[in-house]
Structures are given as structure tokens and as C-alpha cells.
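Per-entry structural report
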Amino acid sequence: MAKKYGMIIDLHRCVGCGACDLACKSENNTPVGIDWASHKIETYGVFPKVTYTHTPTLCNHCEDAPCVRVCPTHAMHKTEEGFVVHDPSICIGCKSCMLADPYGVIFFNKTDAFSDYVSDDSSIVKGGTFSKKELSDKAKAPFPNFNAARGAGGYEAIRRKGTVEKCTFCNHRVAQGLSPACVVACPADARIFGDLNDEKSQIATTLKAHKPTVLLPEKGTNPKVFYIRSYN
Amino acid sequence: MQLLWDVRVSLDLFLGGLGVGAFLVGVILYYVDVKNYEGFVKKSFVIAPLLVIAGLLLLLTELGRPLNVIKTIYAVNPTSFMSIGIFLQSAFVAVALLIAFKALTSGVSSLSSKIIYAGAILAGLVGLYHGFLLSGIAKEPWNNAIPVIFFISSILAGSSLMILLNLDSLENLVARFKLPLIINMILTLELAAVFAWVYNLALTTASSKHAYDVLISSFSMEFWVLSILIGLIAPLVIFTLVILNKLSLKAVAIPTFSIIVAGSFFLKNLVVYLGQAV
């Protein structure tokens, strides 16, 4: 049986540290304002009886992905493993996928990301601190902490302006037998990633042991990111 | 409000709708009496593709990678209305440009009725596509009433524009077709479709009720005043007075047909924005 990847986020284990968000940014070279992995924070109640929840979010890699349905060029498409991924080479930048996406996890590149590391040679203390351009030149990379491995498999390591981008479940890492960066970075082991079709996998057994929920179930998109237990 | 589609998309839908409406009114007059309405028909056939092309050019400026549009020829997604619409609009523009060229060079009477018929079918499909482009995205305000609302709005605005450009034919059109009566019927249909849309928003799911709340709170001016009162009810009242011989159509034709055209833009722009505000 073909593999079908999914993710569980155990909200009871989650400490709300945001390491997943940062690991994702670092792994996938996403600029400020584009957050493939993010979180939503909600507070309930009236002081002193207040409740706080922290829900990590990312692309749900839906079975019935509305972004895939509306894309006019199949730039947004599903792979055999169930990843919903994007091919910038045929994207026309119409943003239909963003409009159809009920979760708000697809982002549009309005500008060329990190272009300031090519052009900005201003420094806070002249002759004393590095400019962005100097840092980039010294690191011999588009920006100092650039991850070249993100460019594996023909995907652009830094996406150019005019197209959308989103979480890929770190398919470049999965292809090498690794887990997504957010899973590895989680200090509380709150994320479980694996093959949903493998009954003996940790993700499949955990799903059976709990009552998982998904975000916006009423949208009928059949997300493959599941949440178990509660934050509090 | 995160605006992913700005006024350029509204203008594309508006200008495209004007073009489709202008073309279809030209087709009707062509089949009814081409000799009598040759000038009217010629103007319709010439202006229609220009309006659609103008809208498409505006849309191209909205895209992040406009040059990649060429790739939509081979990268087709049958579940995407935009993918289908690109082919429909290209086919309509090609046929309409051919018709316009022939109308200008050899005259309207030399046109083949088969190609006009093909153009009419494509115009109808493009007119419907404008609404399906939004309803295919499936946001609450962009429900299945939108293709009907947009199509009727396009017919109204396109025919109003062509009447404004052919005011010398006005008396003839009134005498032969009872023009105010026909326009009132279409205005009433549009009002019914708009109220069905609003009624549906107000009474179905929680998220559609939220869309209704946003419509009547944040967009009340654009909806009630510009789209409904000015764009639909005012012309309906004026034409009713004309039918009752209380007003002369000649005296009110220019402002009345103008507000119908403007109302079409206000309504389409409102729908495009509302879908992104919820």
C-alpha cells in the first residue's frame, strides 16, 4: 500500500515554546511574515478564571484540498504520498489557492525574500558592525543561516516573488528518511509524524488510542494534521 | 482585511461583463433585423472584444507571474474554473475579434450567422464564468447565486452601455421592443437574484450568517445605496414612470442607463471584496 503521511500534535504535551515555528523558518528559508509553521493563541474567561490555549498550525495536507481544486495550473498538487506541494515554475500567482484555503496557511511572496542581504550595505556602527550584505558575502550564502538543503528535488531553496508557498511536510527531509524539522525540534515530543497506512506505526496506533480532532472539520477537507488531548 | 484580489479583479469582471452584454445585445439585434440596426450591431461587435481584452489586461497586472499564463495552455486543471475560463475567454476573444474585423472591413450583413451563433454561445459561457470564478472558490458570500447575479448584471450593463452609445436608435428600440418594459423585467430579475443571495446568506450556516453581518454592517453603503438603490431600484422606478408616461425616456435615458452601468460595477466590486472580508 502506498504511504500516506500525516501528523499528530499532542496538545497536552505542547509547551507553547514556538520551537516548531523557528525550526521551520530555519529549515525552509522563509522570510519575515511567511510562517509555514505557526500557532494561534486564544484566551477564554474573565479574570481571575481565565484559560489560555496554544494551538500549533501548519498546512493540513488535506485529502480534499480546496487549494489543489482551484489552482488553474496544477501548480498546487498532491503527491503520491499525500503531500500537498507547490510547483513555483508553473504558478501564475493568481492567489486562488489562498482564497480557497480555509486555514490561512498559504503565503504570497510580494517581494524577493532576503534581497536586502544583497543590497543593504548600511551598518549600525560604521566600521564597527557588519552590514547585511557583508554578512551574506562572508557566509557565501543568500543570507547567513541559509539552508541549501531546502533546494533538493528541484524546489527553489528561496522562492522568488510573485508565487505562493506553504508547508511541504519537509518532503525533502522525508525523502531522506528524516522527520520534518518541526517534529525534530519539539522539546516535548508533542509531534508524531508518520505513515497513516502503516497500522503498526506510532501515528496510526496513537490515533487509535485517542479521539483526534482536526481544524475546521465542517469544511470537509479531511485534514491529515490531527490534534489529540487538550492544551490545559 | 487581507485583500488578495483588489479592484483590478472587480474591473476585469465588470469590463468582461460589459463586453459580453454588449456582444449579446448585438447578436439579438443582428438576428432580429440586421439591416435596420446595422450601426448598433457593428458598434456592439467592435466594442465587445475590446472591453473583454481590457479587463483581461487588468487581470494580468494582478497576477504574481503574468508571463506564466502561457503555461495554462498545457497545465490544465479541470476542477479549476479559472483554468476552464482561460480557454473560454481566449476562444471568445478570438471569435469576437474575427467578427469585429469582418464587421469593420466587409460590413455586418456579410457576417456568417454560424460564427455569430458560436460567438453568442461563448459570450454566454464567459458571462457565466465570471460568477463561477468566484463561486468555485467556495467562500460563503461567493455561493451559487453569484453566477446568476453576475450574468444578469452583465446583460443589463452591456445593453445599457450600447444604448448609451446608440441614442439615435432609442426611439426605434422603444417603439419596437418596449425597451423600458424589457429593462424593468431584467432589473426585477436581478433584484430577485440579489435578494435570494442575501436571504441565503442570512439564513443558512453560522459562517454565512457572519458574511451577512459583514455585508449589512461594513458594506451597507456599497450594498444598499450604490448597488441596490442607485444601481437597481432607481432605474426600476424611473422606467416605471416612463411606462406610465410620467417621464420622457429621452430626458432620462443618459443618467438612467449610466447608473445601471455604474451599479453593475458597484455590485461586482462589493461581491469581490465581501468574499475576502469574511
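Computed from a predicted model, the values in this text were never measured in an experiment.

So, on to the overall build of chain A. If you tally the helices and strands in chain A, you get eight helices and nine strands. Against the 2.2 N^0.38 benchmark of 17 Å for 232 residues, chain A shows a C-alpha radius of gyration of 19 Å, consistent with a compact globule. Across its three principal axes, chain A shows a C-alpha extent of roughly 60 × 50 × 35 Å. Counting every position in chain A, which comprises 232 residues, the buried fraction comes to 39%. In chain A, once contacts between residues fewer than 6 apart in sequence are set aside, the share between residues at least 24 apart is 61%.

Turning next to the nonpolar core. Counting 137 residues, the largest nonpolar core has Cys67 and Cys97 of chain A together with Ala22 and Phe23 of chain B as its most contacted members. The element that contributes the greatest number of residues to this core is helix H1 (residues 7-33) of chain B, accounting for 14 residues. If near-sequence neighbours (up to four positions away) are discounted, Phe23 of chain B is found in contact with Ser44, Phe45, Ala48, Ala96, Gly119 and Ala123 of chain B.

Right, let's talk about unusual backbone geometry for a bit. Residue and element names in this part refer to chain A. The omega angle of the peptide bond from Phe47 to Pro48 is 5°, so this bond is cis rather than trans. As for its position among the elements, Pro48 is in the loop between strand E2 (38-46) and strand E3 (49-57). Phi at Lys95 takes a positive value of approximately 70°, unusual for a residue other than glycine. Examined against the element boundaries, Lys95 turns out to sit in the loop between strand E5 (84-86) and helix H3 (96-100).

Further remarks concern the sheet that holds strand E9 (residues 225-228) of chain A. Residues and elements named next belong to chain A. Judged by pairing direction, the sheet is mixed, and its three strands sit side by side in the order E8-E1-E9 without closing on themselves. The open sheet has two edge strands, strand E8 (191-195) and E9, and neither has a second partner. Strand-to-strand twist in this sheet, taken as the mean axis angle between neighbours without regard to direction, amounts to 20°. Here four bridges tie strand E1 (residues 5-10) to E9, and the two strands are oriented parallel to one another. Across the sheet, Ile9 pairs through a bridge with Tyr227, a residue of E9. The strands touched by helix H8 (residues 202-209) are E1, E8 and E9; relative to E8, the strand with the most contacts, the crossing angle is about 115°.

The subject of this paragraph is the domain arrangement of chain A. All names here are of chain A. According to the domain assignment, chain A consists of domain 1 (5-107 + 165-228) and domain 2 (114-158). Taking only C-alpha atoms into account, the centre of domain 1 sits 28 Å from that of domain 2. Facing eight residues of domain 1, the contacting portion of domain 2 comprises 12 residues. If one sorts the elements of the side of domain 1 that touches domain 2 by residue count, helix H1 (residues 19-28) sits on top with three residues. Within the side of domain 1 that touches domain 2, the residues separate by chemical class into three nonpolar, four polar and one charged.

Right, let's talk about the interface of chain A and chain B for a bit. Counting residues at the interface gives 21 residues for chain A and 20 residues for chain B. Listed by contribution, the elements that provide at least two residues to the side of chain A that touches chain B are helix H2 (66-70) and H3 of chain A. Here the element with the most residues in the side of chain A that touches chain B is H3 of chain A; it accounts for four residues. Classifying every residue of the side of chain A that touches chain B gives 12 nonpolar, six polar and three charged.

Right, let's get into the packing of helix H7 (residues 179-203) of chain B against helix H8 (residues 206-217) of chain B. Residues and elements named next belong to chain B. At a minimum axis separation of 6 Å, H7 and H8 run at an interaxial angle of 120°. On the basis of the axis angle, H7 is oblique to H8. Residues Val198, Leu201 and Ala202 of H7 form the contact with H8, whose own contacting residues are Ser208, Lys209, Ala211, Tyr212 and Leu215. For the contact of H7 with H8, the class distribution of residues is six nonpolar, one polar and one charged.

Bringing the packing of H1 of chain B against helix H2 (residues 38-62) of chain B into the picture now. Residue and element names in this part refer to chain B. At a closest axis distance of 7 Å, the pairing of H1 and H2 adopts a crossing angle of 165°. The angle between H1 and H2 places the two elements in the roughly antiparallel class. By crossing handedness, the relation of H1 to H2 is classed as left-handed. For the contact of H1 with H2, the residue count by class is 21 nonpolar, six polar and three charged.

What counts and how
Residues numbered from 1 in each chain as written. Chains lettered and ligands numbered in written order. Predicted model: local features only at pLDDT ≥ 70, side-chain atom pairs only at ≥ 80, totals over all residues. Helix = DSSP H or I, 4+ residues; strand = E, 2+ residues; numbered from the N terminus. Rg over C-alpha atoms; globule rule 2.2 N^0.38 Å. Buried ≥ 20, exposed ≤ 12 C-beta atoms within 10 Å, placed from the backbone. Contact = placed C-beta atoms within 7 Å. Core = buried A, V, L, I, M, F, W, Y, C linked by C-beta atoms within 7 Å. Pairing = 2+ DSSP bridges. Axes fitted to C-alpha atoms, helices over the stretch in contact; angles between N-to-C directions. Domains from an automatic or database assignment. Nonpolar A, V, L, I, M, F, W, Y, C, P; charged D, E, K, R; others polar. Parallel < 35°, antiparallel > 145°, perpendicular 65-115°, else oblique. Left-handed = near helix turned anticlockwise from the far one by under 90°.

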